[in-house]
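Listed below are the residues making up each chain.
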Amino acid sequence: MRVLVVATTVCLLAGIVPASAQSVNLDFTGTVIPGCTLSASDGGTLGLDYSTGTTLGSEEAGGDAAHVTILSIGANTLTVGAPTRTGQAAGYVATGEAIQVRYTGATGLSSINVAYTSSQTTNPITTIAASVLTVHNRITNPNGFPNGNYSTRTVVTCAP
Amino acid sequence: MRPVSRLGASVVALAAMLAPLPGLACSISLPASGTLRNSMSNTVLGSQVNGNTPATVTMVLPLLSGVTITVDPPTLAVSPGGYNATLETREVAYSVANVGIFPGRNQAYTTGSTSFSTGLLGAVALSMTVHNRVNNPNGFAPGTYTTRTIVTCHP
């Protein structure tokens with residue numbers, strides 16, 4: 001009897017009882033809002049094709065592409081407008097000119113690769129991480145380009 | 001024989017009062033859930049992105065009982081249709097403040113399960129701050145996301 005009492009006492013004092021593990025779920029919740037943003041754009045540079053003198057473009061010597069970073073969340077449409085000439089040298093003859101745009105995407109836009117066109121183009125896009133679109137412009141004119149400054153503009157938009 | 005029995009009964013009664021009850025080995029309560037936000041690049045969704053909104057949990061340890069606390073990596077319990085989880089990774093980080101002889105614990109973001117022992121402590125309440133984040137180079141489709149981390153207290 002004494003042995004039983006002492007053994008029970010020792011076990012209880014030592015806390016030797018069948019305690020169970022306790023768990024809790026910690027939940028974190030957040031909502032991602034749909035939308036599309038354009039950022040970190042930089043303009044390009046036009047260079048002259050001195051071999052013919054009839055092409056002024058961002059892929060000629062001395063030229064450089066423009067870039068824009070696009071972040072899309074959900075279904076959106078990326079629209080690249082037809083380029084326009086916004087500046088030219090005195091004496092420039094615009095008759096017969098063609099103003100064109102070409103663009104390619106990287107990362108989430110890697111499926112986009114549009115050849116030179118004078119028209120507005122659209123591209124459906126879905127959720128992508130921030131991705132860069134590279135845009136080229138060029139003017140071709142059989143009349144050539146008098147010396148001076150020229151500029152073109154392409155409007156890029158992204159909307160649901 | 002009778003004095004011995006009275007002494008034994010007294011000791012048993014005292015021990016029963018001092019001994020931890022099975023259901024109270026470690027008590028866990030949840031004061032607050034966490035909140036997730038997406039990064040500007042939409043490649044990270046986390047409770048430390050554009051703010052600081054952790055979940056917090058309190059564990060009450062019984063007198064003189066060391067326990068082991070395990071924190072599991074988060075699961076994605078809820079995600080919207082159209083979400084591409086192919087390249088995602090889910091991580092958890094946490095911290096526990098020092099209390100008495102317990103030195104505290106800081107765990108950087110990890111994708112694995114981690115655990116630590118409290119050692120023998122007096123009856124104390126440990127407060128744990130927990131963060132979750134999900135990384136995905138494909139971005140996060142619009143909608144509601146919920147991650148879940150299980151915290152377990154083992155006697």
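Look a little higher up for the structure.
The model shown is predicted, which means the values in this text are computed figures rather than measured ones. (Residues numbered from 1 in each chain as written. Chains lettered and ligands numbered in written order. Predicted model: local features only at pLDDT ≥ 70, side-chain atom pairs only at ≥ 80, totals over all residues.)

A. Up close: the overall build of chain A. In terms of helices and strands, chain A carries 1 helix and 13 strands. Starting at the N terminus, the α and β elements of chain A follow one another as α-β-β-β-β-β-β-β-β-β-β-β-β-β. Expressed as a percentage of the 160 residues in chain A, the buried residues total 29%. The contacts in chain A between residues at least 6 apart in sequence include a share of 71% that link residues at least 24 apart. (Helix = DSSP H or I, 4+ residues; strand = E, 2+ residues; numbered from the N terminus. Buried ≥ 20, exposed ≤ 12 C-beta atoms within 10 Å, placed from the backbone. Contact = placed C-beta atoms within 7 Å.)

B. The arrangement of the overall build of chain B in detail. Summing up its helical and strand segments, chain B has 1 helix and 12 strands in all. Put simply, chain B runs from its N terminus to its C terminus through helices and strands in the order α-β-β-β-β-β-β-β-β-β-β-β-β. Counting only residues that meet the buried cut, chain B has 31% of its 155 residues in that class. Counting only contacts in chain B whose residues sit at least 6 apart along the sequence, the fraction spanning at least 24 positions is 72%.

C. Region of interest: the sheet that holds strand β13 (residues 156-159) of chain A. Residues and elements named next belong to chain A. Strand order in the open sheet formed by 3 strands is β10-β6-β13, and the pairing between neighbours is antiparallel. Each having just a single partner strand, β10 (121-125) and β13 make up the two edges of the open sheet. Across the sheet, the mean angle from the axis of one strand to that of its neighbour is 20°, orientation sign disregarded. Summarising the sheet, strand β6 (residues 76-80) and β13 pair through 4 bridges and their orientation is antiparallel. Among the inter-strand pairings, Leu78 is bridged to a residue of β13, identified as Cys158. (Pairing = 2+ DSSP bridges. Axes fitted to C-alpha atoms, helices over the stretch in contact; angles between N-to-C directions.)

D. Focus on the nonpolar core. Val57, Met59, Tyr94, Met128 and Val130 of chain B are the most contacted members of the largest nonpolar core, which has 29 residues in total. Counting residues per element, the ones that place at least two in this core are β1 (22-32) of chain A together with β4 (44-46), β5 (55-61), β6 (68-71), β8 (89-96), β11 (124-135) and β12 (143-154) of chain B. The residues touching Met59 of chain B, leaving out its near neighbours within four places in the chain, are Cys26, Ile28, Ile69, Ala125, Leu126, Met128 and Cys153 of chain B. (Core = buried A, V, L, I, M, F, W, Y, C linked by C-beta atoms within 7 Å.)

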